[in-house]
Amino acid sequence: MAVLVTGGAGYIGSHMVLALTDAGQDVVVLDNLTTGFAWAIAPQAKLVQGDIGDEALVEHIIKTHNVDAVVHFAGSIVVPESVVDPLGYYLNNTVKSRALMAAVVKAGVRNFIFSSTAAVYGNPKTQPVFETELPSPISPYGTSKLMTEMMLRDSHLAYGLNYVALRYFNVAGADPKGRSGQSTPRATHLIKVACQTVLGQRASMDVFGTDYDTHDGTCLRDYIHVSDLISAHMDALAYLRKGGESGIFNCGYGKGYSVLEVIGAVEKAFGGPVNKKLVPRRAGDPAAIVAGASRVREILGWEPKYADLDLIVNSALAWERHLQRRNAA
Ligand code: UDP
């Protein structure tokens, strides 16, 4: 019995592979290595370099490795990029997910865990936002993920494919044992960018929008430590294998921080200022999004261990220093 992890060479996927191999499970990774790194994959896992849209390849992997569950991370993840290249996002995130699911259904695999996103909510009417809120994405990224959730819902009803879709809020931080972290050099996510700036890898960073309807005018997000996010996936896997009901779960802590507060936490962790410029809003950004996160605790039994912004930022900064030392060597 093995778990197929798509995108297992990427930031979040590589942490899932570590958790699975730490738990003694057999893992096969399918990744095209366009944004991921082979070195980020735990040595106990097997890597197949290929495309999730290649149905014959996916079927072959499932049969040869006796796969009983698929955890699907592979995809494109940058909101502003999706605004300028929507068709690229619908291809990578929606069309290819459809091909992956077709192969999974054909091969008879029953358990499917999907990386979804808080971006499916768009600008929610309520904060925190619960899973019962009607999704209304404001970016092609959010729409591309929502369409995959819909395909899962319909495939569950039609073919008996059991699934858990986890709607991630803002994922940050690194493996507490220092084995993986956010490694994309041109990453666009706030904590990574702020860490790179404070370490002198960028001359300065932009704060996108200071006129939002929030306490300091900058956007509010719910930042979740990558290791806590992964423990929700491990809980979801155990839940599905025990025959749990398919469903959708928010993954966040239920507390929002503004962009300026996050930058302040990076300054505190580093002990010096972040050189920043206040610039206009970025396309596709909702003002605030904070998770209503009771469902994942109640139904999957999730218990976060790292729910603290300073802890998240410290681990992200430690990983950034590690990358800097490695690149200098
Ligand atoms: N952000 C920013 N400067 C940056 C990167 C991000 O001001 O260099 C802001 C962004 O506009 C948003 C928040 O930080 O309000 C979180 O953005 P990120 O890209 O990290 O995640 P997203 O919420 O888009 O998935």
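Look above for the structure.
Residues numbered from 1 in each chain as written. Predicted model: local features only at pLDDT ≥ 70, side-chain atom pairs only at ≥ 80, totals over all residues. Heavy atoms only, no water.

Caption draft 1: Quick peek at the sheet that holds strand β12 (residues 257-258). One open sheet accounts for three strands, arranged β12-β9-β14; its pairing is mixed. Edge strands, defined here as strands with exactly one partner in the open sheet, are β12 and β14 (288-289). (Pairing = 2+ DSSP bridges. Helix = DSSP H or I, 4+ residues; strand = E, 2+ residues; numbered from the N terminus.)

Caption draft 2: Structural detail: the environment of Y306. Within the secondary structure, Y306 is located in the loop between α9 (294-300) and α10 (309-328). Residue class for Y306 comes out buried when judged on its relative accessible area of 19%. Residues Y306 and D228, 78 residues apart in the sequence, show an inter-C-alpha distance of 6.5 Å. Those residues in contact with Y306 that sit more than four places away from it in its chain are P176, H225, S227, D228, Y253, L311 and I312. (Buried < 20%, exposed > 50% of the residue type's maximum accessible area, 1.4 Å probe, protein only. Contact = heavy atoms within 4.5 Å.)

Caption draft 3: Quick peek at the side chain of H15. Tracing the backbone shows H15 in helix α1 (residues 11-22). On the basis of relative accessibility, which here comes to 4%, the residue H15 falls in the buried class. In terms of polar contacts, H15 uses its side chain to reach the backbone amide nitrogen of D175, at 3.1 Å. Sequence-distant contacts of H15, that is, excluding residues within four places in its chain, are made with A174, D175, S180, G181, V226 and I230. (Polar contact = N/O pair within 3.5 Å; in protein donor to acceptor, adjacent residues only side chain to side chain.)

Caption draft 4: Spotlight on α10. Here α10 spans 29 Å end to end across 20 residues, near enough to the 28 Å set by a 1.5 Å rise per residue. Those residues of α10 not exposed but buried are L309, I312, V313, S315, A316, L317, W319, E320 and L323. If you check the start of α10, you find a side-chain oxygen 3.2 Å away from the backbone N of D310, and it comes from D308. (Expected span 1.5 Å × (residues − 1).)

Caption draft 5: Geometry of the side chain of Q196. Note that Q196 resides in helix α6 (residues 190-198). For Q196, a relative accessible area of 4% puts it in the buried group. Residues within four places of Q196 in sequence aside, it is in contact with T184, P185, Q201, R202 and E320.

Caption draft 6: Main features of the site of the ligand. Close contacts around the ligand come from 16 residues, with L190, D206, R221, R282 and D285 the closest. Between N170 and the ligand, the recorded distance is 2.9 Å, taken from a side-chain N or O atom to an oxygen atom. Between D285 and the ligand, the recorded distance is 2.5 Å, taken from a side-chain N or O atom to an oxygen atom. Protein chains shield 90% of the accessible area of the ligand, which is 520 Å² for the free molecule. When contributions to the shell around the ligand are tallied by element, the ones reaching two or more residues are α6 and β8 (205-208). Residues belonging to the shell around the ligand are distributed by class as follows: nine nonpolar, three polar and four charged. (Near = heavy atom within 4 Å. Areas by Shrake-Rupley, 256 points an atom, 1.4 Å probe, with all protein chains shown as cover. Nonpolar A, V, L, I, M, F, W, Y, C, P; charged D, E, K, R; others polar.)

Caption draft 7: Local environment of the nonpolar core. The biggest cluster of nonpolar side chains holds 64 residues, and the ones touching the most others in it are I12 and I191. A per-element tally of this core places helix α7 (residues 226-241) first, with nine residues. Non-local contacts of I12, meaning those with residues more than four positions away in its chain, are made with F73, Y168, V171, V226, L229 and I230. A2, V70, A103 and L152 belong to the second largest nonpolar core, which has 25 residues in total. (Core = buried A, V, L, I, M, F, W, Y, C linked by side-chain atoms within 4.5 Å.)

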